[in-house]
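Overview (structure and organization)
The primary structure of each chain is shown beneath.
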Amino acid sequence: MWGAMGAACTQLQRLTECLQDPEKVARFQQACGVQSSATHEERDTQEAAGDGPRLRVSRHQNGLQENGAAGCPGDKKKKMQPLRRNSLTGEEGQHFIIRNRLLYYLFTLGTELGNELFYISFFPFWIWNVDAHVGRRVIVIWVWVMYLGQCTKDLIRWPRPPSPPVLKLEVFYNSEYGMPSTHAMSGTAIPLALLLLTWGRWQFPFVLGLLLAMVWCSLVCLSRVYMGMHSILDVVAGVLYAILILIVFHPALDIIDNFNLTYKYAPFIIISLHLALGIFSFTLDTWSTSRGDTAEILGSGAGIACGSHVSYMLGLLKEPSPDTLPFTIPPFTVTLLGKAMLRVLIGLVVLLLIRAVMKMITIPMACKVFGIPCDDVRKARQRMEVELPYRYLTYGTVGFAVMFIVPYLFTWVGLH
């Protein structure tokens, strides 16, 4: 028996090492048309010197520019750099060449499905135009998935795939650890949660919903390998971890949502819990962008929950009677689409204004309260005393606006 267990452990270790191999990430990038910007002459020089196929990567000097020296004659290619530079770390990334533009734009879309721009657009759109009941519950899942994923990264502390051989097409999250992929976690949890929570509440073909969820998840997961930000093991672990969290929290969503809406002291408990979780996450490791992202996620979740409570207490949240379920998807008329676009336009302008104002207020305020020099904002924001209140208060206010301020504005102007 012990021999069988030892053999199984050995096979598992080999599988883990295989899935974590950065060469597999590099080969996937090459198969998708991603190449180093090193010229053929540089490649020949390196190979002659015995360096093998690992190419020297050039640092970022300019933006997007033509490259006529690299690659085969006649190929129409661009020397490119990562699109999103991290202003806090100052990392600018490396040049690379894209031979397959379609895959590049497709996987860029996939990776954006796990970034702030998507969250601040998609969640409000769903709440304002589709179903706030489902939206609140999906955000609960998203908060726990992202929080546990970020904390797990700082506990395991596995690095991202090294470069070389991997080409980093994105550098924004390069200062974070890699295991598990939180992009893969959110890209798994959000579509699956939407499918589970809308099935039976809305009339639609389940197979179609499952297919869309699988496409969403696959696009996000493959994009992280394509971008050179995660190993295959990071992505697989992220998918399985998200499914586990979804299994645990899905049965409790009704209880959590009912507590957030109806319990008298819910806002106090919500704010205290999310703040305590944020403080705990800031003590796990040295500074990285994951700490600010964690505070941002917790602040958003607290703001959404508190805004839901206030809206419910003021009678702005009206749940349909059970006999009206399931809902049918309404026809897409010009009036329906026009109102939806108007809600999104007005609402996002309000949210972006609130975020900008809160950022202008909270960073200097935190620096003044804790006696931290504010002349270098980059360094100041790497301190917990600044990063935590700035992210928590700013995105907590944004979340509160999503559930209360903006819907109240819609009621006032006749767009509710």
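Residues numbered from 1 in each chain as written. Predicted model: local features only at pLDDT ≥ 70, side-chain atom pairs only at ≥ 80, totals over all residues. Heavy atoms only, no water.

When helices and strands are counted, the chain shows 15 helices and 6 strands. When burial is assessed residue by residue, the chain has 48% of its 416 residues classed as buried. Of the roughly 20,600 Å² of accessible surface on the chain, 68% is carried by carbon and sulfur atoms. (Helix = DSSP H or I, 4+ residues; strand = E, 2+ residues; numbered from the N terminus. Buried < 20%, exposed > 50% of the residue type's maximum accessible area, 1.4 Å probe, protein only. Areas by Shrake-Rupley, 256 points an atom, 1.4 Å probe, with all protein chains shown as cover.)

So, on to the nonpolar core. Of all hydrophobic cores here, the largest spans 71 residues; its most connected members are W142, L169, I190 and Y226. Looking at this core, the element that brings in the most residues is helix α6 (residues 132–156), giving 12 residues. Those residues in contact with Y226 that lie beyond four places of it in its chain are F28, Q29, C32, V34, I98, N100, L103, Y104, F107 and L169. Counting 8 residues, the second-largest nonpolar core is a separate cluster that includes V166, A184, V225 and V239. (Core = buried A, V, L, I, M, F, W, Y, C linked by side-chain atoms within 4.5 Å. Contact = heavy atoms within 4.5 Å.)

Another point: the packing of α6 against helix α11 (residues 266–281). Packed helix pairs are characterised by how far apart their axes lie and by the angle those axes make with each other. Between α6 and α11, whose axes approach to 11 Å, the crossing angle comes to 20 degrees. Considering the angle they form, α6 stands roughly parallel to α11. The way α6 lies across α11 gives a crossing that is left-handed. Counting all contacts with α6, which are made through V143, W144, Y147, C151 and D154, the residues of α11 involved are H274, L277, F280 and S281. (Axes fitted to C-alpha atoms, helices over the stretch in contact; angles between N-to-C directions. Parallel < 35°, antiparallel > 145°, perpendicular 65-115°, else oblique. Left-handed = near helix turned anticlockwise from the far one by under 90°.)

Our next topic: helix α9 (residues 232–249). Helix length check: α9 (18 residues) gives 26 Å between terminal C-alpha atoms against 26 Å at 1.5 Å per residue, within 8%. When we look at burial in α9, the residues that qualify are L233, D234, V235, G238, V239, A242, I245, L246 and F249. (Expected span 1.5 Å × (residues − 1).)

Attention shifts here to empty space enclosed by the protein. In this structure the tally under the stated criterion is 1 cavity of 30 Å³ or more. Those elements that provide at least two residues to the lining of the largest cavity are α5 (116–129), α6, α12 (289–313) and α15 (384–413). Take the lining of the largest cavity: its biggest share by element is 6 residues, from α5. (1 Å grid on protein atoms, 1.4 Å probe; cavity = no way out; pocket = protein on both sides within 12 Å on 5 of 7 lines; lining within 4 Å. Points joined across faces, edges and corners; volume = space filled by probe spheres on them.)

What follows covers a nonpolar patch on the surface. Judged by side-chain polarity, V357, M360, I361, M365, V369, F370 and L393 come together as a nonpolar surface patch covering roughly 680 Å² of accessible area. Ranked by residues supplied to the nonpolar patch, first place goes to helix α13 (residues 334–370) with 6 residues. Of the residues examined, M365 reaches a relative accessible area of 38% and is grouped as partly exposed. (Patch = residues over 30% accessible without salt bridge, like charges linked within 9 Å, V, L, I, M, F, W, Y side chains within 5 Å. Salt bridge = Lys/Arg side-chain N within 4 Å of Asp/Glu carboxyl O.)

Attention now moves to the UniProt feature "transmembrane region" (unreviewed entry) in the chain. With numbering matched to this structure, UniProt assigns "transmembrane region" (unreviewed entry) to residues 102–127, 206–225, 232–253, 265–285, 297–317, 337–358 and 392–415. For residues 102–127, the end-to-end C-alpha separation is 32 Å, with 88% helix and 0% strand making up the annotated structure. The distance separating the terminal C-alpha atoms of residues 232–253 is 31 Å; by composition the span is 86% helix and 0% strand. (UniProt positions renumbered as here; feature names shortened; annotations may be inferred.)

Of the voids in this model, the largest pocket is the one considered here, and its volume is about 1,500 Å³. Secondary structure elements with two or more residues in the lining of the largest pocket: α5, α6, α7 (182–198), α8 (206–226), α13 and α15. Broken down by element, the residue count for the lining of the largest pocket peaks at 6 residues, all from α5. Classifying every residue of the lining of the largest pocket gives 31 nonpolar, 6 polar and 7 charged. (Nonpolar A, V, L, I, M, F, W, Y, C, P; charged D, E, K, R; others polar.)

To continue, consider unusual backbone geometry. The peptide bond linking M179 to P180 adopts the cis configuration, its omega dihedral lying at -5 degrees. Structurally, P180 can be placed in the loop between α6 and α7. You will see that R157, though not glycine, has its phi angle at about 65 degrees, which is positive. Within the secondary structure layout, R157 lies in the loop between α6 and α7. Here R157 falls in the partly exposed class, since its relative accessible area comes to 39%.

For the rest of this paragraph, the subject is the side chain of T152. Along the chain, T152 falls in helix α6. On the basis of relative accessible area, T152 is assigned to the buried category, the value being 16%. Apart from residues lying up to four places away in sequence, T152 is in contact with M179, P180 and Y241.

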